[in-house]
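Analysis of the macromolecular model
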Amino acid sequence: MAIEVAKIELKTVQDASGLDACIARGQFSADEVIAVIGKTEGNGGVGFGVSARPAGAWVIKDGEARWRPALDLNRVILVGQLVAIVALLTVRSIAKALAKRKQ
């Protein structure tokens, strides 16, 4: 099975005009497309501040395209841990304040 990579510029996250053009000229069919969208930050070249992570993918099935945002599970877990830490510190501060009042 051959894999073809095509770089298609997106003007917005929901822009599929470049993909439509590739399909229209017969480069590939809609059923053969697996799209991964990457977001870059920084200057876009070499050097500091350049990173990329998946923003989502176009799922093309039965001739219809749907945008599916990527879920960064590591980020979800990190944010959950930070929220839990802040909640525990807040509860501890309230408990200390209440204990001082009773004295």
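Residues numbered from 1 in each chain as written. Predicted model: local features only at pLDDT ≥ 70, side-chain atom pairs only at ≥ 80, totals over all residues. Heavy atoms only, no water.

1. Focus on the overall build of the chain
The helix and strand tally for the chain stands at 2 helices and 3 strands. The linear arrangement of helices and strands in the chain, starting from the amino end, is α-β-β-β-α. Taking all 103 residues of the chain together, the buried fraction comes to 12%. The long-range fraction of contacts in the chain, counting pairs at least 24 apart against all pairs at least 6 apart in sequence, stands at 18%. (Helix = DSSP H or I, 4+ residues; strand = E, 2+ residues; numbered from the N terminus. Buried < 20%, exposed > 50% of the residue type's maximum accessible area, 1.4 Å probe, protein only. Contact = heavy atoms within 4.5 Å.)

2. Observations regarding the environment of Gly-63
Summarising the element assignment, Gly-63 is placed in the loop between β2 (51–61) and β3 (64–69). Its relative accessible area of 60% is what places Gly-63 among the exposed residues. Taking the C-alpha atoms as reference, Gly-63 lies 9.1 Å from Ser-29; in sequence the two are 34 residues apart.

3. Considering the confidence of the model for the chain
Confidence along the chain averages 77 in pLDDT terms, with 76% of residues attaining 70 or more. Looking at the elements of the chain, mean pLDDT is at its lowest for strand β1 (residues 37–41), recorded as 59, and at its highest for helix α2 (residues 73–102), recorded as 94. (pLDDT = per-residue confidence, 0-100.)

4. Examining the nonpolar core
Within the largest apolar cluster, 6 residues are counted, these being Leu-19, Cys-22, Phe-28, Ala-30, Val-33 and Ile-60. Beyond its immediate stretch of four places on either side in the chain, Ala-30 contacts Ile-23 and Ile-60. (Core = buried A, V, L, I, M, F, W, Y, C linked by side-chain atoms within 4.5 Å.)

5. Details of a negative patch on the surface
Judged by side-chain charge, Glu-4, Asp-31, Glu-32, Asp-62 and Glu-64 come together as a negatively charged surface patch. Considering the arrangement of structural elements, one finds Asp-62 in the loop between β2 and β3. (Patch = residues over 30% accessible without salt bridge, like charges linked within 9 Å, V, L, I, M, F, W, Y side chains within 5 Å. Areas by Shrake-Rupley, 256 points an atom, 1.4 Å probe, with all protein chains shown as cover. Salt bridge = Lys/Arg side-chain N within 4 Å of Asp/Glu carboxyl O. Lys, Arg positive; Asp, Glu negative; His and termini not counted. Charge placed at Lys NZ, Arg CZ, Asp CG, Glu CD.)

6. What about the environment of Lys-61?
Secondary-structure assignment places Lys-61 in strand β2. Considered as a pair, Lys-61 and Glu-32 are 29 residues apart in the sequence and their alpha carbons are 9.2 Å apart.

7. With respect to a nonpolar patch on the surface
Taken together, the side chains of Leu-71, Leu-73, Val-76 and Ile-77 present a nonpolar region at the surface, about 400 Å² in accessible area. Along the polypeptide, Val-76 turns up in helix α2.

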